[in-house]
Amino acid sequence: MTHIDERGSTMRLAGKKAVVTGAGGALGQVISRALAQEGCDVAGVDLAQEGLTRFGKTVRELGREALELDTDLTDFDDVQRAAGQVRDAWGGIDILVNGAGGGMVRPFAEMTPQEWQRMVDNNLTTVFNMTRAALPAMRGRDGARIVSIASIAALRGGRLVRNATGYAAAKAGVVGLTKALAIELAEEGITVNCVAPGAQHTPGRARDTPEVREALLAQIPTRTLGRPEDLAETIVFLCLPSAAYLTGVILPQDGGHSI
Ligand SMILES: NC(=O)c1ccc[n+]([C@@H]2O[C@H](COP(=O)([O-])OP(=O)(O)OC[C@H]3O[C@@H](n4cnc5c(N)ncnc54)[C@H](O)[C@@H]3O)[C@@H](O)[C@H]2O)c1
């Protein structure tokens, strides 16, 4: 059902309780704002204090409740505590967006076992930990949603950045987890989906030299970077009641880069 707020605008996720990991980061900030604009209260999970503070301010300015959860997502006990705080505050979780993660480039032949483990921990174990810890609070809710952020790297290896084996493998793990969990949770009405972004127009890209930017755009059929606001809108769409029949979907958002 669509709700109308005091300003007369429609909110498609009014009253939903959302958890966003990586909420202090570039995409997490935009995704949290989009969910709050649609009427969600949002709990942000991150290690980055400054980003978490900015996240909380944004959500509250939109008239919604925010919880800033300073948590190491690679530590299951810490994540369990964070999920417990959300459950204590709000009674349950309707939407989980697994957005935390990040890449590192290293030629495979030079990668140490520790670096490999770090990539898997940061990009895959974080998704397991948060999803596993949140699940009990999502069961029995009306149409709960899990959306994870993978990457074009999971689909096309080095098409976006070369020497990203650890990152690509970990993100491919997110793709596999999404499909398998979608089947496990389907009968409970919990959908599990995944977006696979190509290069997004985030502050990190400002460090690209003109040559790097040109080479990147030359690979992308639309010749554009992705807009984080558009990615956030895609995630909102996957969380709507009308997306109930979409599960186990891996949705590239990449200007055709993965074709
Ligand atoms: N930006 C892009 O172009 C792009 C493209 C494809 C996929 N992605 C994916 O999108 C997601 C968000 O990317 P971004 O550009 O916003 O990155 P970002 O670095 O700005 O944000 C990531 C956030 O995750 C948090 N984080 C990482 N590990 C954590 C941990 N163990 N515990 C708690 N918090 C942790 C960081 O503190 C950071 O705030 C990542 O999973 C990334 O791999 C990004």
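Residues numbered from 1 in each chain as written. Predicted model: local features only at pLDDT ≥ 70, side-chain atom pairs only at ≥ 80, totals over all residues. Heavy atoms only, no water.

Taking an unreviewed UniProt entry as the reference, the protein chain is identified by name as Acetoacetyl-CoA reductase belonging to Actinoallomurus oryzae. UniProt annotates the protein chain under Sequence similarities (unreviewed entry) with the comment "Belongs to the short-chain dehydrogenases/reductases (SDR) family." (UniProt positions renumbered as here; feature names shortened; annotations may be inferred.)

Chemist: Help me out: how do you make sense of the packing of helix H1 (residues 26-37) against helix H8 (residues 228-239) in this one?
Modeler: It is at 9 Å that the axes of H1 and H8 come closest, and there the two elements cross at 50°. Judged by the angle between their axes, H1 and H8 are oblique. The way H1 lies across H8 gives a crossing that is right-handed. For the pair H1 and H8, contact is made by Leu27, Val30, Ile31, Ala34 and Leu35 and by Pro228, Glu229, Leu231, Ala232, Ile235 and Val236, respectively. Residue composition of the contact of H1 with H8, by class: 10 nonpolar, no polar and one charged. (Axes fitted to C-alpha atoms, helices over the stretch in contact; angles between N-to-C directions. Helix = DSSP H or I, 4+ residues; strand = E, 2+ residues; numbered from the N terminus. Parallel < 35°, antiparallel > 145°, perpendicular 65-115°, else oblique. Left-handed = near helix turned anticlockwise from the far one by under 90°. Contact = heavy atoms within 4.5 Å. Nonpolar A, V, L, I, M, F, W, Y, C, P; charged D, E, K, R; others polar.)

Chemist: Mind showing me how you'd approach unusual backbone geometry here?
Modeler: Glycine aside, a negative phi is what most residues show, and trans is what most peptide bonds show. Notably, Asn163 is not glycine yet its phi reads approximately 60°, a positive angle. Turning to its location among the elements, Asn163 is positioned in the loop between helix H5 (152-156) and helix H6 (165-185). One non-glycine residue, Arg223, lies in positive phi territory at about 60°. In this fold, Arg223 is placed in the loop between helix H7 (210-219) and H8.

Chemist: Whenever I open this one, the site of the ligand confuses me. Can you help?
Modeler: Neighbouring residues of the ligand: 27 residues in total, closest Ala26, Leu27, Asp46, Tyr167 and Lys171. Contact between the ligand and Gly25: an oxygen atom at 3.2 Å from a main-chain N or O atom of the residue. Contacts to the ligand include Gly99, whose backbone N or O atom sits 3.1 Å from an oxygen atom. When the ligand sits alone it has 820 Å² of accessible area, and the protein chains cover 81% of it. Taken together, the elements giving at least two residues each to the shell around the ligand come down to H1 and H6. Per-class residue counts for the shell around the ligand are 11 nonpolar, 13 polar and three charged. (Near = heavy atom within 4 Å. Polar contact = N/O pair within 3.5 Å; in protein donor to acceptor, adjacent residues only side chain to side chain. Areas by Shrake-Rupley, 256 points an atom, 1.4 Å probe, with all protein chains shown as cover.)

Chemist: Got a minute to help me understand the pattern of salt bridges in this structure?
Modeler: Between side chains of opposite charge, a pair can form when the charged atoms approach closely. Per the stated rule, a full pass over the model turns up 13 salt bridges. Glu68 is the partner of Arg60 in a salt bridge, and the nearest nitrogen-oxygen pair spans 2.9 Å. Glu68 sits in the partly exposed class, given a relative accessible area of 33%. Note that Asp208 and Arg205 form a salt bridge whose closest N and O atoms lie 2.7 Å from each other. Each of the salt bridges in this network shares a partner with another, and the network as a whole consists of Arg12, Glu38 and Glu233. (Salt bridge = Lys/Arg side-chain N within 4 Å of Asp/Glu carboxyl O. Buried < 20%, exposed > 50% of the residue type's maximum accessible area, 1.4 Å probe, protein only.)

Chemist: How should helix H4 (residues 113-138) be read in this particular structure?
Modeler: Because an α-helix packs 3.6 residues into every turn, residues spaced three or four apart end up facing the same way. Here H4 spans 35 Å end to end across 26 residues, near enough to the 38 Å set by a 1.5 Å rise per residue. At Thr125, H4 shows its strongest bend, of approximately 40°. Immediately downstream of H4, the backbone of Gly140 shows phi near 80°, a positive value. (Expected span 1.5 Å × (residues − 1). Bend = angle between axes of the 7 residues up to and from the residue.)

Chemist: Any chance you could explain the nonpolar core here in plain terms?
Modeler: Considering soluble globular proteins, one finds that nonpolar side chains tend to be buried as a cluster. The biggest cluster of nonpolar side chains holds 28 residues, and the ones touching the most others in it are Leu13, Ile31, Leu35, Val42, Ile95 and Ile235. Among the elements of the structure, strand E3 (17-21), H1, helix H2 (49-61), strand E6 (95-98), strand E7 (145-149) and H8 are those that each provide at least two residues to this core. When sequence neighbours within four positions are dropped, the list of residues in contact with Val42 reads Ala18, Val20, Ser32, Leu35, Ala36, Phe55, Val59, Glu65, Ala66, Leu67 and Trp90. Among the nonpolar cores identified, the runner-up in size contains 26 residues, and Ala82, Ala133, Leu185 and Val192 belong to it. (Core = buried A, V, L, I, M, F, W, Y, C linked by side-chain atoms within 4.5 Å.)

Chemist: What should I look at first to understand the sheet that holds strand E5 (residues 66-70) in this one?
Modeler: Hydrogen bonds between backbone groups are what pair the strands of a sheet, and the pairing can be parallel or antiparallel. Taken in spatial order, the seven strands line up as E5-E4-E3-E6-E7-E8-E9 in an open sheet, and their pairing is parallel. Single-partner strands in this sheet number two, and they are E5 and strand E9 (250-253). Put simply, the sheet's adjacent strands are angled 15° from each other on average, direction ignored. Where strand E4 (residues 41-46) lies against E5, five bridges are found, and the strand directions are parallel. The residue of E5 that forms the bridge with Val42 is Ala66. In this fold H1 packs onto E3, E4, E6 and E7, with an angle of close to 175° to the strand it touches most, E3. The strands that H6 touches are E7, strand E8 (191-197) and E9; relative to E8, the one it contacts most, it runs at about 160°. (Pairing = 2+ DSSP bridges.)

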